[in-house]
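Residues per chain are reported as follows:
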Amino acid sequence: MAEKVAVFGAGAWGSALACVAARSGHAVSLWGRSKETISELERNRTNSKYLDDLKLDESISVTNDLSHAIQEASILILAVPTQTLGVFLDQIRDQAGESVLLTTCKGIDRKTGKLPHEVIRASLPRNPICALSGPSFARDVVAGLPTAVTIASEEETRSIEMASKFSTNAFRCYASNDLKGVELGGALKNVLALAVGAARGMRLGASAEAALIARGFAEISRFARDLGARPETLTGLSGLGDLVLTCSSEQSRNFTYGMAMGKGNSLEGLKLAEGAFTASIASKLAKTTGTDVPITEAIVEILEKKLTAQEAMQKLLTRPLKRES
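This is a predicted model, so every value here is computed, not measured.

Let's talk about helix H9 (residues 179-201)
In an α-helix, one turn spans 3.6 residues, which is why side chains three or four residues apart end up on the same side.
Next, step 1: With 23 residues, H9 should reach 33 Å at 1.5 Å per residue; the first-to-last C-alpha distance of 34 Å fits that figure.
Next, step 2: For H9, the buried fraction is high: 21 of the 23 residues fall into the buried class.
Next, step 3: Positive phi appears at arginine 203, one or two residues downstream of H9, with a value of about 60°.

The structure is reproduced here in structure tokens:
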């Protein structure tokens, strides 16, 4: 059944999900903060800052007006950064009504240690919450290339319903009721992308990158389990699937940020890498659970300039040998 969907955040991913919603038959409103971006979208349906010359669907309504975007919407897609999610929710709290909130954030709030659904619940406790995550580049989605993601809710019937609402021939949505696991997979893989990117920047070779991915996956699976997620969730699209994609392409901001770290380049002016925020809070959370997260800790030491990338890698290589599992 067609519904009114409001997408908040006219960056690459928000624009891509607006296309998904429109192609699923829904009436879509896309809100963006930048007047220049919205003006360009109104003129020729392109978002050149994020998506070059790819065109968005003609049926999408674009606006800078929050009230106009949210009006009569039954589903609100939150494509805003994790670190500003709480502030954004303050702006829509009085207008959200009983709408389903579908978050696409991939991170952990660095001040509170909360996952996106926990930030939402603290602000809008009565609204149903879902999360969408998985191996997906915005350009592929807008271009209509095959993509598969996970939609999670703590209520399985809702996740199945939402997966059905947004699935198309090219965009397949799989349902999960492990909301925490899906969000942790999306957040923690960004930290590993920094590590693998750093290995690429240091030219350590494909073997080293593969080892980091494998040992890193074991690390985030262990950590997610200790935080209350189901281990099998991390083997799915929102965990292993997203990890492989993010650690293998320079389309990933986290991977390219990591490459700059490995090369010893200045990180000033680079595009936001959510993994840089997530690493520190993840390391702190790991101390509360007693989880061993050496790769995450190495990334924190590089970001805080306590070690160079080369020194951090040497530290990892000289850890005591032990059983693989």
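So, the pairing of strand S1 (residues 4-8)
Next, step 1: Among the 5 residues of S1, 5 are classified as buried, and the element is accordingly described as predominantly covered.
Next, step 2: What you see with S1 is no split at all: Lys4, Ala6 and Phe8 on one side and Val5 and Val7 on the other are buried throughout.
Next, step 3: Pairing of S1 with strand S2 (residues 27-31) involves 5 bridges; the strand directions are parallel. What sits directly across from lysine 4, in S2, is alanine 27.
Next, step 4: Read from S1 through helix H1 (residues 12-23) to S2, the crossover connection turns out right-handed.
Next, step 5: The sheet contact formed by S1 and strand S4 (residues 75-78) spans 4 bridges and is parallel. Bridge pairing in S4 places alanine 6 opposite leucine 76.

Description of the nonpolar core
Next, step 1: If you look at the biggest cluster of nonpolar residues, it comprises 42 residues, and the most contacted ones within it are Ile108, Leu188, Phe223 and Ile299.
Next, step 2: When contributions to this core are tallied by element, the ones reaching two or more residues are H9, helix H10 (206-226), helix H13 (253-263), helix H14 (274-289), helix H15 (294-303) and helix H16 (309-317).

Topic: helix H5 (residues 85-92)
Next, step 1: Among all positions in H5, only Leu85, Phe88, Leu89 and Ile92 are buried. Along the axis of H5, the buried residues cluster in a sector spanning 105°; they form a single face.
Next, step 2: Against S1, S2, helix H4 (66-70), S4 and helix H6 (116-123) lie the buried residues of H5.

What to know about unusual backbone geometry
It is generally the case that most residues other than glycine have a negative phi and that most peptide bonds are trans.
Next, step 1: With phi around 50°, aspartate 52 is a residue other than glycine that occupies positive phi space.
Next, step 2: One can find aspartate 52 in the loop between helix H3 (48-51) and strand S3 (61-63).
Next, step 3: For aspartate 52, a relative accessible area of 44% corresponds to the partly exposed category.
Next, step 4: Residue glutamate 72 is not a glycine yet carries a positive backbone phi of 65°.
Next, step 5: Its place among the elements puts glutamate 72 in the loop between H4 and S4.
Next, step 6: According to the relative accessible area criterion, glutamate 72 is exposed, its value standing at 72%.

Some thoughts on the packing of H14 against H15
Next, step 1: Here H14 crosses H15 at 130°, and the two axes come no closer than 9 Å. Compared by their axis directions, H14 and H15 come out oblique. Considering only the axes of H14 and H15, their crossing is left-handed. Along the contact surface, H14 presents Ala276, Ala279, Ser280, Ala282, Ser283 and Lys287, while H15 presents Thr296, Glu297, Ile299, Val300 and Leu303.
Next, step 2: Its residues assigned to classes, the contact of H14 with H15 shows 6 nonpolar, 3 polar and 2 charged.

Calculation rules
- Residues numbered from 1 in each chain as written.
- Predicted model: local features only at pLDDT ≥ 70, side-chain atom pairs only at ≥ 80, totals over all residues.
- Heavy atoms only, no water.
- Helix = DSSP H or I, 4+ residues; strand = E, 2+ residues; numbered from the N terminus.
- Expected span 1.5 Å × (residues − 1).
- Buried < 20%, exposed > 50% of the residue type's maximum accessible area, 1.4 Å probe, protein only.
- Pairing = 2+ DSSP bridges.
- Right-handed = clockwise from strand over helix to strand, strands pointing away.
- Core = buried A, V, L, I, M, F, W, Y, C linked by side-chain atoms within 4.5 Å.
- Arc of directions from axis to C-beta.
- Contact = heavy atoms within 4.5 Å.
- Axes fitted to C-alpha atoms, helices over the stretch in contact; angles between N-to-C directions.
- Parallel < 35°, antiparallel > 145°, perpendicular 65-115°, else oblique.
- Left-handed = near helix turned anticlockwise from the far one by under 90°.
- Nonpolar A, V, L, I, M, F, W, Y, C, P; charged D, E, K, R; others polar.

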